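In case you want the letters, here they are:
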Amino acid sequence: MDEMEEELKCPVCGSFFREPIILPCSHNICQACARNILVQTPDAESPQSSRASGSGVSDYDYLDLDKMSLYSEADSGYGSYGGFVSAPTTPCQKSPNGVRVFPPTVPQPPPQHHLLPQPSSLPQIPRNSCITCPQCHRSLILDERGLRGFPKNRVLEGVVDRYQQSKAAALKCQLCEKSPKEASVMCEQCDVFYCDPCRLRCHPPRGPLAKHRLVPPAQGRISRRTSPRKISTCTEHELENLSMYCVQCKTPVCYQCLEEGKHGTHEVKALGAMWKLHKGQLSQALTGLSDRASEAKEFLVQLRNMVQHIQENGVEFEACLVAQCDALIDALNRRKAQLLSRVNKEHEHKLKVVRDQISHCTVKLRQTTGLMEYCLEVIKENDPSGFLQISDALIRRVHMTESQWGKGTLTPRMNSDFDLTLDSGPLLQTIHQLDFVQLKVPAAPMLQLEECCTQNNSATLSWKQPPLSTITVEGYILELDDGNGGPFREVYVGTETICTVDGLHFNSKYKARVKAFNASGVGQYSKTLIMQTSEIAWFTFDPASAHPDIIFSNDNLTVSCNSYDDRVVMGNSAFSRGVHYWEMTIDRYDNHPDPAFGIARGDVLKDVMLGKDDKAWAMYVDNNRSWFMHNNSHTNRTDGGISKGATIGMLLDFSRRILIFLINDEQQGPVAFEGLEGVYYPAISLNRNVQVTLHTGLPIPDFYTPGEADPNGSVC
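Quantities reported herein were computed from a predicted structural model and do not represent experimental measurements. (Residues numbered from 1 in each chain as written. Predicted model: local features only at pLDDT ≥ 70, side-chain atom pairs only at ≥ 80, totals over all residues. Heavy atoms only, no water.)

A.B. asks: What is the right way to look at the overall build of the protein in this model?
C.D. replies: When helices and strands are counted, the protein shows eight helices and 36 strands. Partitioning the intrachain contacts of the protein with sequence separation of at least 6 by distance along the chain shows that 60% fall at a separation of at least 24. Carbon and sulfur atoms provide 53% of the accessible area of the protein, an area that totals close to 42,800 Å². (Helix = DSSP H or I, 4+ residues; strand = E, 2+ residues; numbered from the N terminus. Contact = heavy atoms within 4.5 Å. Areas by Shrake-Rupley, 256 points an atom, 1.4 Å probe, with all protein chains shown as cover.)

So, in structure tokens, the structure goes:
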């Protein structure tokens, strides 16, 4: 009920509707507010065609808004018509809804909303008055009836009354002038709530009032709700009740309108029937609107859940970011410790080398100084013979000691500078460039089931990313199993979101799934989709792999040749599993040629008879007999040939790995070939004397039961 309150308020005054009237644009407005927003236009600019009759939308010609500026979005006020009348200069007020309300153009007493004014008591509306809807801003000129030409919305008035009664905490006296007291009784005849003092003063229990029935306020509220509404009267004929509905004008009318008014030639229907019809239409429309409202409520719940998820994900993301930065800081601290250790080692090494050199030089200098002092003392001796006895040895010692102080001895073995430079530039640049590139792998794609399908032995799959996913996707990986419950294998990797896989097994159920990937990794798989290929093989001859001399027609189902030499053509579908049967009919057979029918690998020779190489297994036949041939080896000559109109059937059974030939629905010879494994294409070789037509999608012949054979090799 609270959401409905805005529907029950006037767009001008912002209060609940009081005596609402319906404008031709279907919007509502209080009758008093309508008088307040009237604008008078010049007589010269009031065309008769725009007079309002109040009977329907078709009675009004809305003024061209391109040629008039009764409403301006710049000032939200009402302007002039055709440039002849300027906007009102009297002060105006803004309603709670932002619509400017001008003072009445004529003096009028304050409206008494609890009593419906009679038409004769309404103030006179100036001629050529104009009113603009405060909601859609459509303007129209009023006729001589003024606002009385608009129908009163009694339904809205009743809804407002019920809503206000349901919202009232306690029923108040309607006659108290200040601070209405709580009502104690209600008079059913007067339809007024009284408190005790007002009842004694205004409704004494004597005279005619003594016969009035007074009831408690709660009972009076119920009686008000259940009391019948006043019957609406016609706006054209105020004394007549509305009894019919004009279908063309879409408005209720009275019988006098049908006899004298403009509705006489219009289609009319009973008011009650149209009332029930429109109620049903409104109920039906409300059903759709209710569905949209339910969807909106679910959407709001989804958005509120998103708020919670965003908050949770924000906390998780922040914690992840802090953890990553802390990990970088820890790694930098560990590297810092390692580099400091290297510096300390270099420092200790330099000190050790210098200290060792100092110790060595100190000892050597002490020895040299001692030798020098000893030599000086020897020089002081005056004994020539004694001096000469040791002089040679001393001279050698002095020279030897001097040579020990040779080049490099007095040079530092270690430089005091540290030959280490920390290259932190790239790391600083990387830190400055540190940013969010891709935090998560893509979400699981969604398979679009309405676009996924199978045709023959091909499967088409389509997928898309979830609608709310904003993670970058670089490509997709599509996987299928082997159609027999085996492991999945990749069949497509790329950026497309639709893929057709050809060459699948017939009559097989394949499981398909897809996942997305980007620089951060590979995302989750989509839901697995099971797809069934065709139970029976449908195929045609393949122009792409055929010899150039082959001539195609009948949508690639009929072939012939323009060469006298044998040329090979294959089907466009390959078989490697299941049981398959197809036929070829002889459309033309001239000069007794030897066409060959059978199966072949994809790389079979195309310019020789089928079966000449080791890539084909065939039966070649003329008008009298047939032979089986593989790798140019002829076996099992069998009587019975072909002619125009003959039918050659081929039955390939991978469960027993055999190939059987039939001519005119009869098996031709024993089982032709056994031990067949791998992938085979239907094939035929022919020359210009033969034309054949292919028939596919055929059931297995009734005489054949897969997996059973007699010891002689013929099919049981």
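A.B. asks: What am I meant to see in the pattern of salt bridges here?
C.D. replies: Where charged atoms from two side chains of opposite charge come close, those side chains can pair. Per the stated rule, a full pass over the model turns up 14 salt bridges. A salt bridge links Asp565 to Arg567, with the shortest nitrogen-to-oxygen separation between them at 3.8 Å. Judged by its relative accessible area of 10%, Arg567 falls in the buried class. Close ionic contact of Lys615 with Asp603 constitutes a salt bridge, the shortest N to O distance being 3.8 Å. With a gap of 12 residues between them, Lys615 in the loop between strand 27 (596-600) and strand 28 (616-621) and Asp603 in the loop between strand 27 and strand 28 connect regions that are remote in the sequence. (Salt bridge = Lys/Arg side-chain N within 4 Å of Asp/Glu carboxyl O. Buried < 20%, exposed > 50% of the residue type's maximum accessible area, 1.4 Å probe, protein only.)

A.B. asks: Whenever I open this one, the sheet that holds strand 11 (residues 244-246) confuses me. Can you help?
C.D. replies: Note on sheets: strands pair through backbone hydrogen bonds, and any given pair is parallel or antiparallel. Reading across from one edge, 12-11-13 is the order of the three strands in this open sheet, with antiparallel pairing throughout. Of all strands in the sheet, those with a lone pairing partner are strand 12 (251-253) and strand 13 (268-270), marking the two edges. Averaged over all pairs of adjacent strands, the angle between their axes in this sheet comes to 40 degrees, without regard to strand direction. In the packing of helix 6 (residues 271-380) onto the sheet, the strands contacted are strand 11, strand 12 and strand 13, and the crossing angle to strand 13 comes to about 85 degrees. (Pairing = 2+ DSSP bridges. Axes fitted to C-alpha atoms, helices over the stretch in contact; angles between N-to-C directions.)

A.B. asks: What exactly am I supposed to notice about the pairing of strand 6 (residues 129-132) here?
C.D. replies: Residues of strand 6 alternate between two faces, with Ser129 and Ile131 on one and Cys130 and Thr132 on the opposite face, all of them buried. Here strand 6 pairs with strand 7 (residues 139-141) via three bridges, running antiparallel. Across the sheet, Thr132 pairs through a bridge with Ser139, a residue of strand 7. Linking strand 6 to strand 7, which pair antiparallel, is a turn of six residues; within it His137 sits at a positive phi near 65 degrees.

A.B. asks: How should the state of the cysteines be read in this particular structure?
C.D. replies: Simply put, disulfide is the name for a covalent bond between the sulfur atoms of two cysteines. Going through the model one piece at a time under the given rule, you end up with zero disulfides. With no disulfide of its own, Cys198 has Cys195 as its nearest cysteine by sulfur position, at a separation of 3.5 Å. A relative accessible area of 3% places Cys198 in the buried class. For Cys254, which is in no disulfide, the shortest distance to another cysteine sulfur is to Cys257 and amounts to 3.5 Å. (Disulfide = S-S within 2.5 Å.)

A.B. asks: I would appreciate a short explanation of helix 7 (residues 384-404) in the present structure.
C.D. replies: In an α-helix, one turn spans 3.6 residues; hence positions three or four apart end up facing the same way. With 21 residues, helix 7 ought to run about 30 Å at 1.5 Å a step, and its terminal C-alpha atoms sit 29 Å apart, in line with that. Roughly 40 degrees is the biggest bend found in helix 7, and it falls at Ser391. Every buried residue of helix 7 is accounted for by Ser391, Leu394 and Thr401. Contacts made by the buried residues of helix 7 are with helix 6. (Expected span 1.5 Å × (residues − 1). Bend = angle between axes of the 7 residues up to and from the residue.)

A.B. asks: Where do I start with the nonpolar core in this structure?
C.D. replies: Soluble globular proteins: nonpolar side chains tend toward being buried together. Judged by nonpolar contacts, the single largest core of 38 residues is most densely connected at Trp582 and Phe597. Elements represented by at least two residues in this core include exactly strand 24 (558-561), strand 26 (579-589), strand 27, strand 28, strand 31 (647-653), strand 32 (658-663), strand 35 (681-686) and strand 36 (690-695). Leaving out residues up to four positions away in the same chain, Trp582 has contacts with Phe539, Phe575, Gly598, Ile599, Ile648, Gly649, Met650, Leu652, Pro682, Leu694, His695 and Leu698. Listed in part, the 22 residues of the second largest apolar core include Cys10, Phe17, Cys25 and Leu142. (Core = buried A, V, L, I, M, F, W, Y, C linked by side-chain atoms within 4.5 Å.)

A.B. asks: Would you explain the sheet that holds strand 30 (residues 633-639) in this entry?
C.D. replies: Sheet architecture is open: six strands sit in the order 25-35-27-28-29-30, paired in antiparallel fashion. Strands with a single pairing partner mark the edges of an open sheet, and in this sheet they are strand 25 (567-570) and strand 30. Looking at each pair of strands side by side, their axes are set apart by 20 degrees on average, direction ignored. Pairing of strand 25 with strand 35 involves four bridges; the strand directions are antiparallel. Counterpart to Val568 in the pairing with strand 35 is Ser685.

A.B. asks: How should the side chain of Thr696 be read in this particular structure?
C.D. replies: Residue placement: Thr696 occurs in the segment after strand 36. The contact partners of Thr696, leaving out residues within four places of it in the chain, are Ala537, Trp538 and Phe539.

A.B. asks: Looking at this structure, how should I read helix 6?
C.D. replies: Compared with the 164 Å implied by 1.5 Å per residue over 110 residues, the 158 Å span of helix 6 between its first and last C-alpha is a close match. Its buried side turned inward, helix 6 meets strand 11, strand 13 and helix 7.

A.B. asks: Before we go on, may I ask you to explain the packing of helix 6 against helix 7 in this structure?
C.D. replies: Any two packed helices are characterised by the angle at which their axes cross and by the distance between the axes. For the pair helix 6 and helix 7, interaxial distance at closest approach is 11 Å and the crossing angle is 155 degrees. Of the possible angle classes, the one that applies to helix 6 and helix 7 is roughly antiparallel. In the packing of helix 6 onto helix 7, the handedness of the crossing is left-handed. Contact with helix 6, carried on its side by Lys364, Thr368, Leu371, Tyr374, Cys375, Val378 and Ile379, involves Phe387, Ile390, Leu394, Arg397, Val398, Thr401 and Gln404 of helix 7 and no other residues of that element. (Parallel < 35°, antiparallel > 145°, perpendicular 65-115°, else oblique. Left-handed = near helix turned anticlockwise from the far one by under 90°.)

A.B. asks: What is the right way to look at the packing of aromatic side chains in this model?
C.D. replies: The geometry of an aromatic ring pair comes down to the distance between the two centres and the angle between the two planes. The full count for this structure, using the stated rule, is 11 aromatic pairs. Both rings, one in Phe539 and one in Trp582, keep their centres 6.1 Å apart while their planes meet at 75 degrees; by these two values the pair is edge-to-face. Here the residue Phe539 occupies a position in the loop between strand 22 (529-532) and strand 23 (550-553), and Trp582 occupies one in strand 26, the gap between them amounting to 43 residues. Each member of the pair Phe539 and Trp582 is classed as buried. Seen in terms of ring centroids, Phe575 and Trp582 are 5.7 Å apart; in terms of plane orientation they differ by 35 degrees. Their pairing is tilted. The pair formed by Phe575 and Trp582 is uniform in burial state, with each residue classed as buried. The rings of Phe506, Phe539, Phe575 and Trp582 are connected pair by pair, giving a single aromatic cluster. Residue placement shows Lys9 over the ring face of Phe16; its charged tip is 5.8 Å from the ring centre. One residue, Arg513, lies across the ring of Phe488, its end atom 3.9 Å from the ring centre. (Phe/Tyr/Trp six-rings, centres within 6.5 Å; stacked < 30°, edge-to-face > 60°. Lys NZ or Arg CZ within 6 Å of the ring centre and 35° of its normal.)

A.B. asks: Would you explain the confidence of the model for the protein in this entry?
C.D. replies: Low-pLDDT stretches of the model should not have their predicted coordinates read in fine detail. Here the protein averages 81 in pLDDT, while 83% of its residues score no lower than 70. Within the model, pLDDT remains below 50 along residues 44-122, and this stretch shows 159 contacts once partners closer than five positions in the same chain are excluded. Counting interchain partners and residues more than four positions distant, the pLDDT-below-50 stretch residues 708-716 has 17 contacts. (pLDDT = per-residue confidence, 0-100.)

A.B. asks: Help me understand a nonpolar patch on the surface in this model?
C.D. replies: Residues Leu332, Leu427, Leu428 and Ile431 make up a contiguous nonpolar surface patch of about 350 Å² in total accessible area. Its location among the elements puts Leu428 in helix 8 (residues 425-432). (Patch = residues over 30% accessible without salt bridge, like charges linked within 9 Å, V, L, I, M, F, W, Y side chains within 5 Å.)

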